[in-house]
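One letter stands for each residue in the lines below.
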Amino acid sequence: DKLLDLYEAILAQPAPGTYKPQHDADINGIMDQLCSSETDSARLAKFFVEVMLDPGRDVVQRDYAIQHLRVVCRVLQDGKRSADGDLEAASKMACDALFEVVPENTCCLAGTALLALAEIAGRAPATADQGVVSRLALERARDAQADEGIRVTALLVGAQMQDPDALTVAWQILDANDQSPLRLAAISALAAVGNQDTVERLNRLGAADETERKALDAAIRRISGRKT
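Cut-offs applied
- Residues numbered from 1 in each chain as written.
- Predicted model: local features only at pLDDT ≥ 70, side-chain atom pairs only at ≥ 80, totals over all residues.
- Heavy atoms only, no water.
- Salt bridge = Lys/Arg side-chain N within 4 Å of Asp/Glu carboxyl O.
- Helix = DSSP H or I, 4+ residues; strand = E, 2+ residues; numbered from the N terminus.
- Buried < 20%, exposed > 50% of the residue type's maximum accessible area, 1.4 Å probe, protein only.
- Phe/Tyr/Trp six-rings, centres within 6.5 Å; stacked < 30°, edge-to-face > 60°.
- Lys NZ or Arg CZ within 6 Å of the ring centre and 35° of its normal.

1. Considering the pattern of salt bridges
According to the stated counting rule, one finds 12 salt bridges in the structure shown. A salt bridge links Asp-24 to Lys-20; the shortest N-O distance between them is 2.7 Å. Here the residue Asp-24 and the residue Lys-20 both occupy positions in helix α2 (residues 20-37), the gap between them amounting to 4 residues, near one helical turn. For Lys-20, a relative accessible area of 38% corresponds to the partly exposed category. Close ionic contact of Arg-201 with Asp-175 constitutes a salt bridge, the shortest N to O distance being 3.6 Å. Here Arg-201, found in helix α11 (residues 196-204), pairs with Asp-175, found in helix α9 (residues 165-176); they are 26 residues apart in sequence, far enough to count as distant. When its relative accessible area of 33% is taken as the criterion, Arg-201 is described as partly exposed. Among the residues examined, Asp-175 registers a relative accessible area of 57% and is labelled exposed. Ionic contacts of the salt-bridge type, sharing partners, join the residues Lys-20, Asp-24 and Asp-58 into one network.

Right, dumping it as structure tokens:
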């Protein structure tokens, strides 16, 4: 059975000496094939949830599972494919699992989960209040103990969702942090949700280097180019 072979190939342990980047790429390709072959979206969601929540599995595979679950969630909410189970129940199960991953500090998993939640915010019962997702994202962005990559993604998700608190978090980061990726993310967040007061404050902000200077100039132009 082709479908069973795909499921088993994802769960199989790599052979000794397997080149990991190639194995990771192969797993991603198999997950793509599974998404295009499996007509039972609820079954597919359950499988990806089990992979992403398994701390014993390779973190790259867990991240791929989240990325593919993001696609499945869209299908579940569109209701255009069949499922043996309840589509709404499967959608809730997937959302709940994504919320469960967000507090993790393992590699990029929390950031990937937040991106998935932001995409389905307002479309599923578990994310009916979009503010739940943006507040969770900004909570992670504030966490000084979190991985820098998680904080960057979390802040940008909060800004993308137009949460006004993203302004406060961005300024806190610029005031207290000297890590370039995080500072650049803060400037991008300010560009997304800032107003004329933000422009004035950005004009007074000293740039750490030429890259940051260009980011500041771009943010000022973006804010000034829209009505605020």
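2. Here we look at the packing of aromatic side chains
A complete count under the given rule lists 2 aromatic pairs for this structure. Judged by centre distance (4.7 Å) and plane angle (80°), the ring pair of Tyr-7 and Phe-47 falls under edge-to-face. In this pair, Tyr-7 sits in helix α1 (residues 2-11) while Phe-47 sits in helix α3 (residues 41-52), placing the two residues 40 residues apart along the sequence. In terms of burial, Tyr-7 and Phe-47 fall into one category: buried. The structure contains a cluster of three or more aromatic residues connected by ring pairs, namely Tyr-7, Phe-47 and Phe-48. The aromatic ring of Trp-171 is capped on one face by Arg-201, whose charged end is 3.9 Å from the ring centroid.

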